[in-house]
Amino acid sequence: MGQLFHFPSSAFSARVRIALALKSVPVELVDCRADSSRLAHAQQIAATATMPVYVAGDGQVLVDSLSIVRWLDLSFPTPRLFPAGPSELSTTLRVCDYVDVALNILVDLGTRAWALRGAPEWSAYVEERLGRAERTLDALARELQGLDRPTVGPDGINAADIWLATLVRWFEGLPARAEVSAPARQILSLNARMPAELVAFAAPINAHPIVKRAGFG
Ligand SMILES: N[C@@H](CCC(=O)N[C@@H](CS)C(=O)NCC(=O)O)C(=O)O
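Quick notes on the rules
- Residues numbered from 1 in each chain as written.
- Predicted model: local features only at pLDDT ≥ 70, side-chain atom pairs only at ≥ 80, totals over all residues.
- Helix = DSSP H or I, 4+ residues; strand = E, 2+ residues; numbered from the N terminus.
- Buried ≥ 20, exposed ≤ 12 C-beta atoms within 10 Å, placed from the backbone.
- Contact = placed C-beta atoms within 7 Å.
- Pairing = 2+ DSSP bridges.
- Axes fitted to C-alpha atoms, helices over the stretch in contact; angles between N-to-C directions.

What follows is about unusual backbone geometry. That bond from methionine 51 to proline 52 is cis: its omega, 15°, falls within 30 degrees of zero. Structurally, the position occupied by proline 52 is in the loop between helix H2 (36–45) and strand E3 (53–55). One non-glycine residue with positive phi stands out, namely alanine 49, at about 60°. Mapped onto the elements of the fold, alanine 49 is located in the loop between H2 and E3. By the C-beta count within 10 Å, which is 13 here, alanine 49 ends up partly exposed. With phi around 55°, asparagine 191 is a residue other than glycine that occupies positive phi space. Locating asparagine 191 in the fold gives a position in the loop between helix H8 (182–188) and helix H9 (196–207).

As a further point, take the environment of leucine 4. Mapped onto the elements of the fold, leucine 4 is located in strand E1 (residues 2–6). As a C-alpha pair, leucine 4 and proline 52 span 48 residues in sequence and 6.8 Å in three-dimensional space. Apart from the residues within four sequence positions on either side, leucine 4 is in contact with Val16, Arg17, Leu20, Val27, Leu29, Val30, Pro52 and Tyr54.

The strand order across the open sheet formed by 4 strands is E2-E1-E3-E4, and the pairing between neighbours is mixed. Edge positions in the sheet fall to strand E2 (27–31) and strand E4 (61–62), since each of these pairs with one other strand and no more. Pairing of E1 with E2 involves 5 bridges; the strand directions are parallel. Bridge assignment links leucine 4 to a residue of E2, and that residue is leucine 29. Set on the sheet, H2 makes contact with E1, E2, E3 and E4; between it and E3 the angle comes to about 80°.

Printed below as a string of structure tokens:
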């Protein structure tokens with residue numbers, strides 16, 4: 001059985017939990033927030049030092065959520081999360097990339113770059129980064145408006161839907177998490193905006209029982 005080293009409230013980790021659950025792949029979930037020795041172990045396995053990290057049953061190590069889900073899709077093909085056709089695949093990957101741009105900007109500003117907030121360039125930097133995140137999410141909203149179905153996946157939930165739904169759910173959960181978590185407070189203080197179209201598109205996906213249970217509970 002594989003092991004997933006993860007953070008329960010991270011959108012990056014939630015993607016992988018959902019993919020594993022949709023594919024009914026058994027996994028040992030290792031909560032790296034709950035135990036610093038587990039985090040140290042995962043950071044030793046993966047030079048990126050970011051979660052999630054997936055160790056497959058045969059010991060192969062995957063260190064990025066997109067790579068993990070692509071690998072799972074090849075190893076456990078049902079249901080398919082990345083379409084085989086070039087046109088559908090390009091749409092799916094574009095949605096995943098747009099979500100990643102926005103999510104990485106928010107996580108970087110609110111956590112990894114936060115120590116630089118006293119620098120004179122900080123506010124111009126934040127403005128540029130948030131502007132890019134918002135333009136990317138607006139482009140994503142326009143793209144979804146052009147779809148004539150409730151999921152990006154042509155046959156139901158696929159990787160793009162998982163990326164989008166976890167982004168929205170993670171974002172919506174920030175105010176509650178900010179009560180107990182400094183990084184969440186910091187990200188919330190950036191006052192980023194989530195387009196209403198994305199919230200509406202993600203709602204039924206997040207209501208799917210497997211997505212709900214495996215995502216953020
Ligand atoms: N591109 C990576 C990003 C993962 C990532 O940034 N994870 C954050 C948690 S939200 C993390 O591990 N942060 C800890 C750190 O950077 O030290 C992925 O998709 O898996």
